[in-house]
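# Overview (structure and organization)
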Amino acid sequence: MAQGPVSGQYVLGIDLGTTSVKAVLLETKTNRVTDSQTRQTKADISSDTGIQAKEQDAGRIVDALNECIAALPKYRLQGVIRIGVSGQMHGVVFWKAGKGCDWLRTGECHMFQPIDVSPLITWQDGRCTREFLSSLPLPDSHLSLATGFGCTTVFWYLKHSSQYQHLCPADLCPAPYLPASTEA
């Protein structure tokens, strides 16, 4: 594709899905998708915490994201005025406070790599048994707790493992990931 001057304003849409990462550029004037990229994450990993565990390598997910962004036309990326992100709703990643990622520059591209992070425990995780869920405080809500929810995963780790106690859950800490990743 020929490279040209920035000819418009764009929204960068990113979907961090369970099996793939997608990135699109939407031209704001016409609401037309001008470019899109998809990469399979191939991020599933085995867990030593049990057969019901469902974990993914956070680095592979970020690699797929970096590949998608790098494949989009640079001259259009320069016109990005907004970024929208969607993804796995109930997953949780633990990271060391004050860390989370390193920024890398390769030529004109800025990419990040996770450091000192746990695997992503996905919404499909099944390690929380009914007995364990019934031992948790009832939420002040019309909603029930379920295995695969990030908060139940955090409680499970607090009770059953010291593996990530020195790390902070991503959905509860000041976030270096999302704000940093939007600095395209």
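Use the structure listed above.
Note that the structure is a prediction, hence the values are computed from the model and not measured. (Residues numbered from 1 in each chain as written. Predicted model: local features only at pLDDT ≥ 70, side-chain atom pairs only at ≥ 80, totals over all residues. Heavy atoms only, no water.)

## Overview of the pairing of strand β1 (residues 10–16)
So the rule is basically this: Any two strands are treated as partners once DSSP identifies two or more bridges connecting them. Think of it this way: any DSSP run of H or I at least four residues long counts as a helix, any run of E at least two long counts as a strand, and we number them from the N terminus.
Across 7 bridges, β1 lies against strand β2 (residues 20–27) in antiparallel orientation. Paired with Gly13 across the two strands is Val24, which belongs to β2. The hairpin formed by β1 and β2 contains 3 residues between the paired strands. With 7 bridges joining them, β1 and strand β6 (residues 80–87) adopt parallel strand pairing. Looking at the pairing, Gly13 lines up with Gly84 of β6.

## Focus on the sheet that holds β6
Adjacent strands of a sheet pair through backbone hydrogen bonds, lying either parallel or antiparallel. As a reminder of what qualifies: Between N-to-C directions, angles cover 0 to 180 degrees, with each direction set by a line fitted to C-alpha atoms, over the stretch in contact for helices. Any two residues whose heavy atoms approach within 4.5 Å at even a single point are treated as in contact.
Strand order in the open sheet made by the 4 strands is β3-β2-β1-β6, with mixed pairing throughout. Looking at strand neighbours, the two that pair on one side only are β3 (32–40) and β6, the edges of this open sheet. Averaged over neighbouring strand pairs, the angle between their axes works out to 15 degrees when direction is ignored. Running at roughly 145 degrees to β3, helix α1 (residues 58–71) makes contact with β1, β2 and β3 of the sheet.

## Let's talk about the environment of Gln56
Applied cut-off: Each residue is assigned to one of three classes by its accessible area relative to the maximum for its type, calculated with a 1.4 Å probe on protein chains only: buried under 20%, partly exposed between the two thresholds, exposed over 50%.
Here Gln56 shows up in strand β5 (residues 55–56). Its relative accessible area of 0% is what places Gln56 among the buried residues. Placed 66 residues apart in sequence, Gln56 and Thr122 show a C-alpha to C-alpha distance of 7.2 Å. Beyond its immediate chain neighbours, meaning those up to four positions away, Gln56 contacts Thr18, Ala43, Asp44, Ile45, Ile61, Gln88, Pro119, Leu120 and Thr122.

In short, geometric facts, not functional conclusions.
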